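Each chain, letter by letter, is given below.
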Amino acid sequence: MVEKVITLENIPLLDFLGSENENIRQIAAAFPESKIVSRGNEIRIQGRAPEILRINDVLNMLLQHFERFGRITAENVKEYISLEGVPFEENIKNDVILYGNKGVVVKPKSENQRKLVESASKNDLVFALGPAGTGKTYIAVALAVRALKNREVKRIIITRPAVEAGENLGFLPGDLQEKLDPYLRPIYDALSDMVPSEKLKFYQETRVIEIAPLAYMRGRTLHDAFVLLDEAQNTTNEQIKMFLTRMGPNSKVIITGDQTQVDLPTKQKSGLREALAVLKDIKGIGVVTLSGKDVIRHRLVKSIIEAYEKDDAKKEQKRDEYISRKSPDGGAA
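Residues numbered from 1 in each chain as written. Predicted model: local features only at pLDDT ≥ 70, side-chain atom pairs only at ≥ 80, totals over all residues. Heavy atoms only, no water.

Peer 1: What should I look at first to understand the pairing of strand β7 (residues 155–160) in this one?
Peer 2: The side chains of a regular strand alternate between both faces of the sheet. For β7, the buried fraction is high: 6 of the 6 residues fall into the buried class. The two faces of β7 match: Arg155, Ile157 and Thr159 on one face and Ile156, Ile158 and Arg160 on the other face are all buried. Here β7 runs beside strand β9 (residues 225–229); their pairing, made up of 5 bridges, is parallel. Bridging from a neighbouring strand, Ile156 pairs with Phe226 of β9. Bridging between β7 and strand β8 (residues 209–213) involves 5 bridges; their strand directions are parallel. When the bridges of β8 are listed, Ile156 appears paired with Ile209. (Buried < 20%, exposed > 50% of the residue type's maximum accessible area, 1.4 Å probe, protein only. Helix = DSSP H or I, 4+ residues; strand = E, 2+ residues; numbered from the N terminus. Pairing = 2+ DSSP bridges.)

Here it is in structure tokens:
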């Protein structure tokens with residue numbers, strides 16, 4: 001057993017350690033073979049030398065993060081735990097999309113998220129496909145905000161089918177914004193991480209950032225804009241065709257969707273699936289597929305998605321075997 005003591009000097013302990021030492025407890029949970037104890041301004045680590053070195057690296061990166069941003073979140077702790085052998089400066093500079101509010105560093109956290117960023121830099125139209133929790137919408141919003149900050153575009157337009165297939169908002173109480181809010185909450189949450197609240201309010205009032213239902217895109221030409229269509233699996237073929245033909249000069253478009261979560265009526269085909277099939281041979285269109293491996297939510301979400309993916313694969317195999325038996329070439333009488 002090896003012991004190492006790290007002394008925190010001139011650092012507000014609550015801000016660094018977290019409420020009830022939450023940040024330290026998260027590190028301890030990630031390294032169960034070692035013992036990590038925080039007393040006063042000292043962090044005492046006991047364990048095998050290789051693991052202590054890894055814990056020491058995590059704590060050093062967190063100290064540098066705190067020095068730069070003045071804040072440590074549970075997400076920061078999780079991110080640095082997942083890194084191995086990557087120096088803080090290299091990690092903080094490489095892949096960073098933008099620096100958000102209160103020390104939030106927005107960057108891809110998986111290989112497929114990096115592929116999404118790369119594809120968006122090369123293509124004006126990108127399809128980002130994958131299950132919930134893979135960060136496809138969050139990364140897309142970050143890319144849009146960065147483009148606005150860098151004056152690459154003059155505005156951001158974010159849209160999605162408002163209510164499953166029909167966009168029938170009339171039965172909901174309140175004005176249009178109040179009707180839409182529940183469906184657009186993930187977008188607002190992402191924007192609030194990246195744009196100061198007063199500036200975000202100003203951008204929305206001046207329509208520099210516009211969040212609207214898909215039906216409101218009809219008849220418009222979206223130029224000098226970064227446009228995001230979210231939840232595209234719930235578009236009809238007519239809707240997504242209408243949206244795609246809105247692209248104007250100096251526009252960049254990212255379309256996100258989860259093909260396993262289509263909320264359209266049973267007999268209604270998903271416009272997203274149709275678009276992918278129709279546009280597959282056109283150059284200049286990027287397609288990035290994320291999976292359960294890219295999930296950045298609770299660890300159980302990744303396991304849940306993987307379980308459903310395995311179940312879907314089994315069903316697909318059974319369906320193919322059934323079709324094969326019924327086909328003339330399959331030997332059916």
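The discussion continues.
Peer 1: I would appreciate a short explanation of the environment of Asn21 in the present structure.
Peer 2: Mapped onto the fold, Asn21 is located in the loop between α1 (13–17) and α2 (22–30). On the accessibility criterion, Asn21 (27% relative accessible area) is partly exposed. Residues Asn21 and Arg39, spaced 18 residues apart in sequence, show a C-alpha to C-alpha distance of 9.9 Å.

Peer 1: Explanation requested: the nonpolar core in the structure shown.
Peer 2: Burial of nonpolar side chains together is a common tendency in soluble globular proteins. Membership of the largest hydrophobic core comes to 38 residues, with the highest contact counts inside it found for Val141, Leu191, Met194 and Ile254. Those elements that provide at least two residues to this core are α6 (111–122), β6 (125–129), α7 (136–149), β7, α8 (176–194), α9 (197–205), β8 and β9. By residue number, the principal contributor to this core is α7, which donates 9 residues. Once you skip the residues sitting within four places of it in the chain, Ile254 turns out to touch Ala120, Val126, Ala128, Ala140, Leu143, Phe226, Val227, Leu228 and Leu229. Counting 23 residues, the second largest nonpolar core, distinct from the first, contains Leu8, Ile24, Ile27 and Ile52. (Core = buried A, V, L, I, M, F, W, Y, C linked by side-chain atoms within 4.5 Å. Contact = heavy atoms within 4.5 Å.)

Peer 1: Got a minute to help me understand the packing of α2 against helix α4 (residues 74–82) in this structure?
Peer 2: Running from N to C, α2 and α4 point in directions that differ by 30°, and their axes come no closer than 10 Å. Relative to α4, the element α2 is oriented roughly parallel. Where α2 crosses over α4, the handedness of that crossing is right-handed. Here Glu22, Asn23, Gln26, Ile27 and Ala30 of α2 lie close against α4, whose contacting residues are Ala74, Val77, Lys78 and Ile81. Among the residues forming the contact of α2 with α4, the class breakdown is 5 nonpolar, 2 polar and 2 charged. (Axes fitted to C-alpha atoms, helices over the stretch in contact; angles between N-to-C directions. Parallel < 35°, antiparallel > 145°, perpendicular 65-115°, else oblique. Left-handed = near helix turned anticlockwise from the far one by under 90°. Nonpolar A, V, L, I, M, F, W, Y, C, P; charged D, E, K, R; others polar.)

Peer 1: What should I look at first to understand the side chain of Ser38 in this one?
Peer 2: With respect to the helices and strands, the residue Ser38 is situated in strand β2 (residues 35–39). Once residues within four sequence positions are removed from consideration, Ser38 is found in contact with Leu17, Asn21, Ile24 and Ile43.

Peer 1: Would you take a moment to explain the pattern of salt bridges for this structure?
Peer 2: Any two side chains of opposite charge can pair, given that their charged atoms come close. The tally for this structure, following the rule as stated, stands at 10 salt bridges. Here Glu210 and Arg207 are joined by a salt bridge, their closest N and O atoms 3.0 Å apart. Owing to a relative accessible area of 52%, Arg207 belongs among the exposed residues under this scheme. Among the salt bridges present, the one from Glu210 reaches Arg220, with a minimum N-O distance of 2.8 Å. Here the residue Glu210 occupies a position in strand β8, and Arg220 occupies one in the loop between β8 and β9, the gap between them amounting to 10 residues. Through salt bridges that share partners, Glu3, Glu42 and Arg44 make up one connected network. (Salt bridge = Lys/Arg side-chain N within 4 Å of Asp/Glu carboxyl O.)

Peer 1: In this structure, what is going on with helix α11 (residues 271–278)? I would like to understand it.
Peer 2: Structural remark: α-helix, 3.6 residues per turn; residues separated by three or four positions point the same way. For α11, every residue scored as buried is listed here: Gly271, Leu272, Ala275 and Leu276. Angular distribution of buried residues about the axis of α11 spans 135°; they occupy a single face of the element. Residues of α11 that are buried make contact with β6, α10 (237–244), β10 (252–257) and β11 (285–289). The backbone nitrogen of Leu272 has a side-chain oxygen 3.2 Å away, supplied by the residue at the start of α11, namely Ser270. (Arc of directions from axis to C-beta. Polar contact = N/O pair within 3.5 Å; in protein donor to acceptor, adjacent residues only side chain to side chain.)

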